[in-house]
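# What the coordinates show
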Amino acid sequence: MKETISTKIFKQFYNLSGPVDEYKRTQAHAIGNTVAIMLYWFNTVAVLIATIIALTTHDYLSAFVILASSILIFTVFIAGSYVIYAGHKHHLADQEVEAADLHAAYRQAILKSWLSACCDRILSQCLSFILTCCYFHCTINKSHYHCPSSYLCPHLYDLDGNCLLPAN
Amino acid sequence: MSYIYDKKEGYAVNNIRKYRKQEKLSQLGLAQKIGVARQTINLIENDKYNPTLELCLKLARALNTDLNSLFWEEKE
């Protein structure tokens with residue numbers, strides 16, 4: 001049976017391998033529920049702390065940076081690690097193969113992991129590029145260096161907006 | 001046969017392994033018959049996972065029995 005895109009995303013998120021049956025779906029839902037509770041309480045506490053910092057120091061930028069970075073770190077590292085750990089604990093990523101197919105399955109698993117790593121790297125590079133463009137847009141939109149090519153080659157300018165290469 | 005739930009009113013038992021062997025089915029064969037992974041059958045047989053009613057019905061049909069025989073034993 002062909003998998004839908006939502007099933008593929010579900011499997012990718014919870015590190016499921018093979019067809020998704022009742023056990024894997026139930027365990028994945030339980031893990032997702034725990035992560036949702038973790039995120040809820042963490043976000044509540046993080047927002048409270050950021051609000052206190054903002055109200056007491058009037059340093060809104062610091063409060064925002066603390067809030068954004070802590071949420072990012074918690075979501076990516078702690079919640080993500082928990083999903084991997086719980087999936088490993090409940091054997092969600094286990095794959096059963098015949099003894100004769102063990103070598104082929106092993107090679108396929110390595111190939112898949114390399115492909116996944118490459119995709120992740122490309123994705124993170126794209127995100128980095130977008131973030132750089134956003135930052136660049138914020139720093140140069142008031143200067144005469146503002147031109148479309150700047151977005152493609154943001155490294156042509158330094159962070160102060162000084163042109164390192166001729167704009168034209 | 002293992003007892004997965006014990007209460008004064010009666011006993012809930014797990015007879016899946018017994019009926020599977022009666023039907024001369026392997027774990028993999030039973031799993032393929034009802035459309036789940038072999039690990040799921042193994043976990044159910046070892047009382048590490050409580051299946052849903054839907055899966056219990058599938059198991060009962062696949063093993064040519066009923067839910068009472070699979071999961072219930074009258075108190076003596």
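The present account deals with the structure reproduced in this document. Treat the numbers as computed from the prediction; the structure is a model and nothing was measured.

## What to know about the overall build of chain A
Counting secondary structure elements, chain A contains five helices and zero strands. In chain A, which comprises 168 residues, the proportion classed as buried is 20%. Residue pairs at least 24 apart in sequence account for 45% of intrachain contacts in chain A once pairs closer than 6 positions are excluded. Counting every atom, chain A has about 12500 Å² of accessible surface; 70% of that belongs to carbon and sulfur.

## Some remarks on the side chain of Ser17(A)
Inspection of the secondary structure puts Ser17(A) in the loop between helix H1 (5-14) and helix H2 (22-57). Apart from residues no more than four positions distant in its own chain, Ser17(A) is found in contact with Lys24(A), Leu92(A), Ala93(A), Asp94(A) and Gln95(A).

## Comments concerning the interface of chain A and chain B
Counting residues at the interface gives seven residues for chain A, matched by eleven residues for chain B. The contact between chain A and chain B buries some 810 Å² in all, and 47% of this surface belongs to carbon and sulfur atoms. For chain A, the biggest contributors to the area lost against chain B are Glu22(A), Tyr23(A) and Glu96(A); these three give 65% of the whole. Across the salt bridge formed by Arg38(B) and Glu96(A), the nearest N and O atoms sit 2.4 Å from each other. Connecting chain A to chain B are six residue pairs in polar contact (both at pLDDT 80 or more). Here the side of chain A that touches chain B is built from residues that sort into one nonpolar, two polar and four charged.

Cut-offs and rules
- Residues numbered from 1 in each chain as written.
- Chains lettered and ligands numbered in written order.
- Predicted model: local features only at pLDDT ≥ 70, side-chain atom pairs only at ≥ 80, totals over all residues.
- Heavy atoms only, no water.
- Helix = DSSP H or I, 4+ residues; strand = E, 2+ residues; numbered from the N terminus.
- Buried < 20%, exposed > 50% of the residue type's maximum accessible area, 1.4 Å probe, protein only.
- Contact = heavy atoms within 4.5 Å.
- Areas by Shrake-Rupley, 256 points an atom, 1.4 Å probe, with all protein chains shown as cover.
- Buried area = accessible area lost by both parts, 1.4 Å probe.
- Salt bridge = Lys/Arg side-chain N within 4 Å of Asp/Glu carboxyl O.
- Polar contact = N/O pair within 3.5 Å; in protein donor to acceptor, adjacent residues only side chain to side chain.
- Nonpolar A, V, L, I, M, F, W, Y, C, P; charged D, E, K, R; others polar.

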